[in-house]
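Chain by chain, the residues:
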Amino acid sequence: MNSDALSILHDHLLKALAAAPAETRRLFHGRGRCWPGLEQLTVDWLQGVVLVSLFKEPEAAQLEALKQRLLQLTQSSEWATSGAHTLALQHRYLLQSTTEWLLGEAIEDMTITEGGLRYRVDLGRKQNTGLFLDMRYGRDWVRANAQGKRVLNLFAYTCGFSVAAIEGGATHVVNLDMSSPALSRGRDNHRLNGHDLGRVTFLGHDLFKSWGKVIGKGPYDLVIIDPPSFQKGSFLLTKDYQRVLRRLPELLSPQGMVLACMNDPAFGADFLIEGVMREAPSLRFEQRLENPPEFPDADVECGLKALVFRQ
């Protein structure tokens, strides 16, 4: 993160702020390795809040230089016209993901919009805000394909897919996640959008100990699988993904669909395609969803993989 890299970042953000989006978007995605020296940095636009995230600890001088460049940004006409009012720097490499508020008052949580839908996100307290912005097209796809369907949302987190599904006309969504606080935020997200919670079920269970309960609420016309790449004590991608795929024939209706997702840069789309062929041969691969343009990657196989399969 030398001075040349910081100049590139500064110019990129000026252009992004000059055309600040109306909704939440990523402004800069260094993790796609398209800008040398900025691989461990991202910048998100949260409708007035500019959130800069650092994923690797820089040298002290580099960190200070970054802060100065970011503060210079707040003095620009582009910053003023964008409506930005708060600048935060999150140190994601620290255990507590400590956030520094470089400009403006600290904000614990706020409501953002994406595709006209509202989501409550956390700032300054947790590693992740509560909505993964690279999955925007995935949520759009679910919304467009949910009409009249019964949906199972595995590893539901804060239920972004569920909100999209209900908005798209799903008859019912079953959300499963081990984290009760995440599911509670999912309820909040549905309420924010005026959804009927009678059409949504929240299961705070370990999936691998609750197959009977999940299968009993089926069959499902659409199953969404979006697990963490690694979660200590609960999920290991190389071992556990195939355990989920193996159950798909029991979960799906005769014409059922699957959206299988993975965001580990060490594995390409073939990992999922071959896994489905092996564990659930009644399914055929249909398409890979594109990733939003604000998430460029030097190698497409290292970015988010969101694959559609159909019975």
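Under the annotation held in an unreviewed UniProt entry, the protein chain carries the name Methyltransferase and is attributed to Pseudomonas silesiensis.

*Asks:* For this particular structure, what's the right way to read the sheet that holds strand E9 (residues 172–176)?
*Replies:* Sheet strands pair via backbone hydrogen bonds, and the direction of the pair is either parallel or antiparallel. Spatially, E10-E9-E8-E11-E14-E16-E15 is the arrangement adopted by the seven strands of the open sheet, whose pairing is mixed. This sheet does not close on itself; its edge strands, each paired only once, are strand E10 (200–203) and strand E15 (284–288). Direction aside, the axes of adjacent strands within the sheet are offset by 20 degrees on average. Relative to strand E16 (residues 305–310), strand E14 (residues 252–262) runs antiparallel, the two sharing six bridges. What sits directly across from Leu-259, in E16, is Val-308. The strands touched by helix H4 (residues 136–145) within the sheet are strand E11 (220–225), E14, E15 and E16, with E14 carrying the most contacts at an inclination of about 170 degrees. Set on the sheet, helix H6 (residues 180–192) makes contact with E9 and E10; between it and E10 the angle comes to about 165 degrees.

*Asks:* Quick question: what am I supposed to make of H6 here?
*Replies:* Every α-helix carries 3.6 residues per turn, so stepping three or four residues along brings you back to the same face. Given a rise of 1.5 Å per residue, 13 residues ought to cover 18 Å, and the 18 Å separating the end C-alpha atoms of H6 matches this to within 8%. Those residues of H6 lying buried are Ala-182, Leu-183, Arg-185, Gly-186, Asn-189 and His-190. Angularly, the buried residues of H6 cover 155 degrees about the axis, an arc narrow enough to put them on a single face. Turning to H6, the residues buried within the fold contact strand E7 (117–122), helix H5 (160–167), E9 and E10. The distance from a side-chain oxygen at the start of H6 to the backbone nitrogen of Ala-182 is 3.1 Å, and the residue carrying that oxygen is Ser-179. Immediately downstream of H6, the backbone of Gly-194 shows phi near 70 degrees, a positive value.

*Asks:* What should I look at first to understand the domain arrangement of the protein chain in this one?
*Replies:* Where interface size is quoted, it is often the accessible area lost as the parts come together. The assigned domain composition of the protein chain is domain 1 (3–107) and domain 2 (133–310). A C-alpha centroid distance of 30 Å is found between domain 1 and domain 2. On the side of domain 2, nine residues touch domain 1, which itself brings nine residues to the contact. In total, domain 1 and domain 2 occlude about 820 Å² of area from one another, counting both sides; carbon and sulfur atoms represent 64% of this. For domain 1, the biggest contributors to the area lost against domain 2 are Arg-25, Arg-26 and Arg-33; these three give 52% of the whole. For the pair domain 1 and domain 2, the interface holds one salt bridge.

*Asks:* Where do I start with the packing of H4 against H5 in this structure?
*Replies:* The geometry of a pair of packed helices is captured by two quantities: the angle between their axes and the separation between those axes. As a packed pair, H4 and H5 sit with axes 7 Å apart at the nearest point and diverge in direction by 30 degrees. Two packed elements cross with a definite hand, and for H4 against H5 that hand is right-handed. Residue-level inspection shows Gly-138, Arg-139, Val-142 and Arg-143 of H4 in contact with H5, the latter providing Gly-160, Phe-161, Ala-164, Ala-165 and Glu-167. In terms of residue class, the contact of H4 with H5 is made up of four nonpolar, two polar and three charged.

*Asks:* I tried to follow the packing of aromatic side chains on my own but got confused; where do I start?
*Replies:* What characterises a pair of aromatic rings is the spacing of the ring centres plus the angle enclosed by the ring planes. Applying the stated criterion to the full structure yields five aromatic pairs. Measuring from ring centre to ring centre gives 4.7 Å for Phe-28 and Trp-35, while their planes differ by 40 degrees; the resulting arrangement is tilted. Look at Phe-28 and you get buried, because its relative accessible area is 0%. For Arg-187, the ring lying beneath its charged end belongs to Phe-202, and the centroid distance is 4.5 Å.

*Asks:* Looking at this model, I keep getting lost on the environment of Gly-275. Mind explaining?
*Replies:* If you trace the backbone, Gly-275 turns up in helix H10 (residues 269–279). Owing to a relative accessible area of 4%, Gly-275 belongs among the buried residues under this scheme. Between the C-alpha atoms of Gly-275 and Arg-243, which are 32 residues apart in sequence, the distance is 9.9 Å. Excluding its chain neighbours within four sequence positions, the residues that come into contact with Gly-275 are Leu-245, Asp-270 and Ala-280.

*Asks:* I tried to follow the pattern of salt bridges on my own but got confused; where do I start?
*Replies:* Where side chains of opposite charge bring their charged atoms close, a pairing between them can arise. As enumerated under the stated definition, the model contains 18 salt bridges in all. Where Arg-139 meets Glu-114, a salt bridge forms, and the shortest distance between an N and an O atom there is 2.8 Å. Taken as a pair, Arg-139 in helix H4 and Glu-114 in strand E6 (residues 109–114) lie far apart in primary sequence, 25 residues in all. Residue class for Arg-139 comes out buried when judged on its relative accessible area of 5%. For Glu-114, a relative accessible area of 5% gives the class buried.

About the cut-offs
Residues numbered from 1 in each chain as written. Predicted model: local features only at pLDDT ≥ 70, side-chain atom pairs only at ≥ 80, totals over all residues. Heavy atoms only, no water. Pairing = 2+ DSSP bridges. Helix = DSSP H or I, 4+ residues; strand = E, 2+ residues; numbered from the N terminus. Axes fitted to C-alpha atoms, helices over the stretch in contact; angles between N-to-C directions. Contact = heavy atoms within 4.5 Å. Expected span 1.5 Å × (residues − 1). Buried < 20%, exposed > 50% of the residue type's maximum accessible area, 1.4 Å probe, protein only. Arc of directions from axis to C-beta. Polar contact = N/O pair within 3.5 Å; in protein donor to acceptor, adjacent residues only side chain to side chain. Domains from an automatic or database assignment. Buried area = accessible area lost by both parts, 1.4 Å probe. Salt bridge = Lys/Arg side-chain N within 4 Å of Asp/Glu carboxyl O. Left-handed = near helix turned anticlockwise from the far one by under 90°. Nonpolar A, V, L, I, M, F, W, Y, C, P; charged D, E, K, R; others polar. Phe/Tyr/Trp six-rings, centres within 6.5 Å; stacked < 30°, edge-to-face > 60°. Lys NZ or Arg CZ within 6 Å of the ring centre and 35° of its normal.

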